[in-house]
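Next come the chains, spelled out residue by residue.
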Amino acid sequence: MNSADASPETVSPRQRIRLAQAHFDQQFRQGAEVSALIRGRAHFFDGILSELYHAEAWPVAPDGAPTVAVLAVGGYGRGELHPHSDIDLLILLDDEDPATTAVVEQYLLRMWDLGLTIGHSVRTLEQCREEAAKDVTVMTNLLESRTIAGPERLRLSMNEAVATDKIWPAKDFFQAKVAEQSARHRRHDNTEYNLEPNVKSSPGGLRDIQMLGWVAKRHFGTSDFEHLIGLGFLSASELIALLEGRQFLWKVRWGLHMLSGRGEDRLLLDQQRELAVLFGYEDAGGMLAVERFMHDYYRHVLALRELNDVVLQHFDEAIVRAGEETRIEPVNARFQIHNDYMEITSPDVFRKTPSALLEIFVLIGNHEKVQGVRAATIRAIRDHLDLIDDSFRSDPDNARLFMDLLRSPYRLVSQLTRMRRYGVLGRYLPEFGRIIGQMQHDLFHIYTVDAHTMLLIRNLRRFGYASSEERYPVAHHCVRSIAKPELLYVAGLYHDIAKGRGGDHSELGAVDARAFCARHGLDAEETDLVAWLVEAHLLMSAVAQRKDINDPDVIAEFAREVRTEERLNYLYALTVADINATNPTLWNSWRATLMRQLYRETSSFLSAGVDREVDRQEWIGETRDAALNELVDKGLDREQILKLWQHTDEDYFLKHDHQDIAWQMEAVTQHDLDRDGPLVRVRDQLGESATKSGSSHEGATQIFIYTRDHPNLFAATVAALDQLNLSVLDARIHTSSDDLCFNTLMVLDELDRPVGGDPGKVARIQETLTRVLLRPEEFPTIVKRRLPRTLRHFRIRTSVEIVNEPNSPHTEIRVVAADRPGLLARLGLIFMEEGIVVHNAKIATLGERIDDVFFVTDQDYQPIEAAGRTASLREAICSQLDEQVGLS
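None of the values given here were measured: they were computed from a predicted structure.

Conventions we followed
- Counting of residues starts from 1 at the beginning of each chain's written sequence and follows it residue by residue.
- Totals for whole chains, interfaces and linings use all residues, but because this is a predicted model, local features are given only for residues with pLDDT of at least 70 and pairs of side-chain atoms are given and counted only at 80 or more.
- Side-chain numbers here rest on the full set of heavy atoms in the structure, without hydrogens or water.
- Strands here are runs of E lasting at least two residues and helices are runs of H or I lasting at least four, both read from the DSSP assignment and numbered beginning at the N terminus.
- The rule is short: rings of Phe, Tyr and Trp, with Trp giving its six-membered ring, pair when the centres are within 6.5 Å, and they are stacked under 30 degrees, edge-to-face over 60, tilted in between.
- Partly exposed describes any residue whose relative accessible area lies between the buried limit of under 20% and the exposed limit of over 50%, with all areas from a 1.4 Å probe on protein chains only and scaled to the type maximum.
- Criterion for a charge above a ring: Arg CZ or Lys NZ at most 6 Å from the ring centre, at most 35 degrees from the ring normal.
- Strand pairing requires that DSSP identify at least two bridges connecting the strands.
- Each axis is a line fitted through C-alpha atoms, and for a helix only the stretch in contact is used; angles between axes span 0 to 180 degrees, taken between their N-to-C directions.
- Residues count as neighbours in contact if any of their non-hydrogen atoms are within 4.5 Å of one another.

**Q** Explain the environment of L268 to me, using residue names and the numbers behind them.
**A** For L268, the location among the structural elements is in the loop between α11 (236-260) and α12 (269-278). When the C-alpha atoms of L268 and L143 are compared, they prove to be 32 Å apart, with 125 residues separating the residues in sequence.

**Q** Lay out the packing of aromatic side chains with the relevant residues and their values.
**A** On inspection of all chains with the given rule, the structure shows 29 aromatic pairs. Each ring, one from F28 and one from W254, has its centre 6.0 Å from the other, and the planes form 25 degrees; the classification is stacked. Placement of F28 in helix α1 (residues 13-29) and of W254 in helix α11 is noted, with a sequence separation of 226 residues between them. With 5.9 Å between their ring centres and 75 degrees between their planes, F402 and F516 make a pair best called edge-to-face. With F402 in helix α18 (residues 396-406) and F516 in helix α25 (residues 505-519), this pair connects stretches of sequence that are 114 residues apart. You'll find F402 and F516 in the same group, each marked buried. Among the aromatic residues, those joined into a cluster by ring pairs are F24, F28, F248, W254, F279, Y281 and F293. The ring of W663 has R683 lying over it, and the distance from NZ or CZ to the ring centre is 4.2 Å.

**Q** Describe the sheet that holds strand β4 (residues 146-149), naming the residues involved and giving the relevant values.
**A** Strand order across the open sheet formed by 4 strands is β3-β2-β1-β4, with mixed pairing between neighbours. Lying at the two open borders of the sheet, with one neighbouring strand each, are β3 (118-124) and β4. Across the sheet, the axes of successive neighbouring strands diverge by a mean angle of 35 degrees, strand direction being ignored. Relative to strand β2 (residues 87-93), strand β1 (residues 68-72) runs antiparallel, the two sharing 5 bridges. Paired with A69 across the bridge in β2 is L92. The strands touched by helix α2 (residues 34-54) are β1, β2 and β4; relative to β4, the strand with the most contacts, the crossing angle is about 50 degrees.

**Q** Outline helix α23 (residues 473-481), supporting the account with residue identities and numerical values.
**A** Residues V474, A475, H476, C478 and V479 constitute the buried set of α23. Tucked inside the fold, the buried residues of α23 contact α22 (449-463), α29 (565-582) and α30 (589-608).

See below:
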């Protein structure tokens, strides 16, 4: 006997429920159709609730029939019940009276005693009408009702009370539901491609399918999707896609509920991995099993969202616009604008003129008032995708049309997004089709490759608008200076086109970009620019993040790679758009400052001649003289300052500008370490644009420390800052020959904001650091905050790269490891134990991992070059960090 069918006489209701769920889950793991399971589970609970109903002494009408009915509503009303979904009930009354209320309460109590998760309301017919009239959500729930127990007449009377001729006419209902869906989509950033999507509520999720059923039920009296074929709102192929997509999402949702043991509809990172294993996905083709599973998920929800859009537009035309006066504006022989929507002039347009499959998007991009594409035309586009073949792709007229699209003045990204969703873009650019729905299972890349690409191009467009000038002043300048923005868009389309193929995606993408340029008639100079942008699209962020951009040699090397001001403008705009499209948290005020500084210094170098030699002594001398003049102007003694600088290394004047040096030295000359102890100064250091506008889009908080040297100094400092919830972004450590330290650290708070404008926080920083630096040997406890949920599921082994560049006074150590609270402090402790002196540090957190670069020497201030020494240092860092997260 199946446990789901166990006899009521042999087991209690609670046991029957437990055994039934175990049976359903076993069937699921064995590959049973999930549609049968969710309907079987609903049927099972129908029986339980009916038994409970008939065990009660309900009040009766004069004809002997009960005056109370129990109705299933919502998803349960549709006959769908996932393992931990609420059992939504409406207890419908003829009338309210104390006796009825008492029995209802007893009935509900019995359900709660069984541990059932009930979502319920108790209403009379009139109350149903009143609540439904006020709230479209209530009206929607009542649409999907069925009687579990009690008289059916009550439900039929309720349906009559809420009919379209009494409340919520079809037009009003449709518009309210569309507004509701739009608000829901906005809560999920209007994308199907969230890192941890909600299977039920995200765009393309189950709610989007249900939305079609609700509107069809209200207007046409049917929620059977097959009926929509006969009504002309769905094609047979669309119905298949809809049912397959729903089946897939039902399977995922059942698995989520089963694995989490609760009504969890978010596809969290850890459960993505578990489901991939449960569903039999394996690592293959350069993709992890979880990435292949999520690739399938994203493709399904993309198709479902597109179906939702098309059918809702059909509904809009049939319900909302049915009585509108038809306005037709001819465009050409193939297209016309029908009430602000583009449509074909006859059903055979695409078959007769295949190029029209691209032309329609070019036309919309050149007509500002066109709001979209008519539903029948969208379906015609999708029905003719087979016309986009090799012959189509090699047709010069089609190449010209695509380039015309990239040059179009209006809503370019909307057109590219339509092309992607209708299937045109992936057919025209097969290499782009391969990245649709492709994701990377990490916290750094929170969008699929195709969604990220669309966001990047949207950013490029926005940089040109006046509204972007304050937040992105350099990017705004660059885009406005670019003569051919379409080349920038091509580079954007191809910058990640080779993700997932294995090998260097930048190099492979550059090959594809060259092929695109050749096919689309770009000249040699344009082709070289696009290919270089694709191949070098990570260069500028890498230099800003990992290199010492205060070093003139670093600037010279980067400038010689860039070569011209024009290429610098293209690369800067592409880089900033890429960063902002990868993860909204990546672009903070400090990264903006680094990028702006690198752009400014490179531009200056290019203006003076890219082939000129770098004169470090001239650079140092100019900074010293400017700082000295500023200090003297403030009344400080020239000889005292020069005496102080006698023991200061030259790097100090390379790594700071003259304003920072003047601010620091003004305090140092007035401070007595023996009398006053360590000096700690704090201020916000804002970028040029932020200083002019008063905004906080650039900059960080600068902490300057003047104290005597100590082996624990760096480790103690970063541990103390970690206790203050401050993230160290950059550290510049300078120790004079007489053991005086002039250390500068750049920090942001936990929300990536400078803190120098908060006197309370400034005082806490000064008090904490002063106390710690008085006794740095009493190393502060490394913070052991709880590891965030999202970080617990990424087990990343530490990698350490140790490099000694020719003629460099420092050894460069690059550490890539799993992020965790207190990590920088622990690295500081490892360096201290290994006798390593940190001179500069560049700190970056990229999702679930850190990518930090340290410029170090040994205790004699010499580079660490011996092979045995570098090997032991690498082993010390890797073993200690991996042991901390259980990877040793």
